[in-house]
Amino acid sequence: MYGDSEFAAKRAKELGRHCTNFTALSEDFEAFISWIRSVDCLIASRLHHCIIAVAAGIPVVAVDLYYSEKTRTSKLREFMSSC
């Protein structure tokens, strides 16, 4: 969605890692939870993915694409700040 996969693949390559994308969230929530628990760290720009990772105890790096100097906040920023 919105180029997330390309962004993630580029960042992973820069770090010498591979990128695993899971796109079946709406089809199979249990598989998504299992997948999230299998990663060492989740890099995400979507609020709900970050919420699920935090709930599962998985380290998260949140990439906030919606933060702006004008508003000075976003839902993702507020959530991650509270964690």
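In this text, all values refer to a predicted model and were calculated from it rather than measured experimentally.

Trainee: So what exactly am I meant to see when it comes to the overall build of the protein here?
Mentor: In terms of regular secondary structure, the protein is built from four helices and two strands. Across the 83 residues that make up the protein, the buried fraction comes to 25%. When contacts within the protein are restricted to residue pairs at least 6 apart in sequence, those whose partners lie at least 24 apart make up 23%. For the protein, the exposed surface amounts to about 6100 Å²; the carbon and sulfur share of it is 55%.

Trainee: Even after reading the chapter, I still don't get the layout of surface pockets, so can you show me in this structure?
Mentor: Any space left empty among the atoms is revealed by the rolling of a water-sized probe across them. Here the second largest pocket defines a volume of roughly 190 Å³. What lines the second largest pocket is simply Ser45, Arg46, Leu47, His48, Asp64, Tyr66, Ser74, Lys75 and Leu76. Residue composition of the lining of the second largest pocket, by class: three nonpolar, three polar and three charged.

Trainee: Please explain the environment of Ala53 as it appears in this structure.
Mentor: Note that Ala53 resides in helix α3 (residues 47–56). It is 7.2 Å that separates the C-alpha atoms of Ala53 and Leu42, two residues lying eleven residues apart in sequence. With near-sequence residues (within four places) excluded, Ala53 lies in contact with Ile36, Leu42, Ile58 and Val60.

Trainee: Would you explain the packing of helix α2 (residues 29–38) against α3 in this entry?
Mentor: The description of two helices packed together rests on the angle between their axes and the distance between the axes. Contact geometry for α2 and α3: axes closest at 10 Å, N-to-C directions at 65°. For the pair α2 and α3, the sense of crossing is right-handed. Contacts between α2 and α3 pair Phe29, Phe32, Ile33, Ile36 and Arg37 from the former with His49, Ile52, Ala53 and Ala56 from the latter. Grouping the amino acids of the contact of α2 with α3 by side-chain chemistry returns seven nonpolar, one polar and one charged.

Trainee: Explain the environment of Ala62 here, please?
Mentor: Checked against the element boundaries, Ala62 lands in strand β2 (residues 60–62). Residues Ala62 and Met80 lie 18 residues apart in sequence; the distance between their C-alpha atoms is 7.5 Å. Discounting residues that sit within four places of it in the chain, Ala62 has contacts with Ala44, Cys50, Leu76 and Met80.

Conventions we followed
Residues numbered from 1 in each chain as written. Predicted model: local features only at pLDDT ≥ 70, side-chain atom pairs only at ≥ 80, totals over all residues. Heavy atoms only, no water. Helix = DSSP H or I, 4+ residues; strand = E, 2+ residues; numbered from the N terminus. Buried < 20%, exposed > 50% of the residue type's maximum accessible area, 1.4 Å probe, protein only. Contact = heavy atoms within 4.5 Å. Areas by Shrake-Rupley, 256 points an atom, 1.4 Å probe, with all protein chains shown as cover. 1 Å grid on protein atoms, 1.4 Å probe; cavity = no way out; pocket = protein on both sides within 12 Å on 5 of 7 lines; lining within 4 Å. Points joined across faces, edges and corners; volume = space filled by probe spheres on them. Nonpolar A, V, L, I, M, F, W, Y, C, P; charged D, E, K, R; others polar. Axes fitted to C-alpha atoms, helices over the stretch in contact; angles between N-to-C directions. Left-handed = near helix turned anticlockwise from the far one by under 90°.

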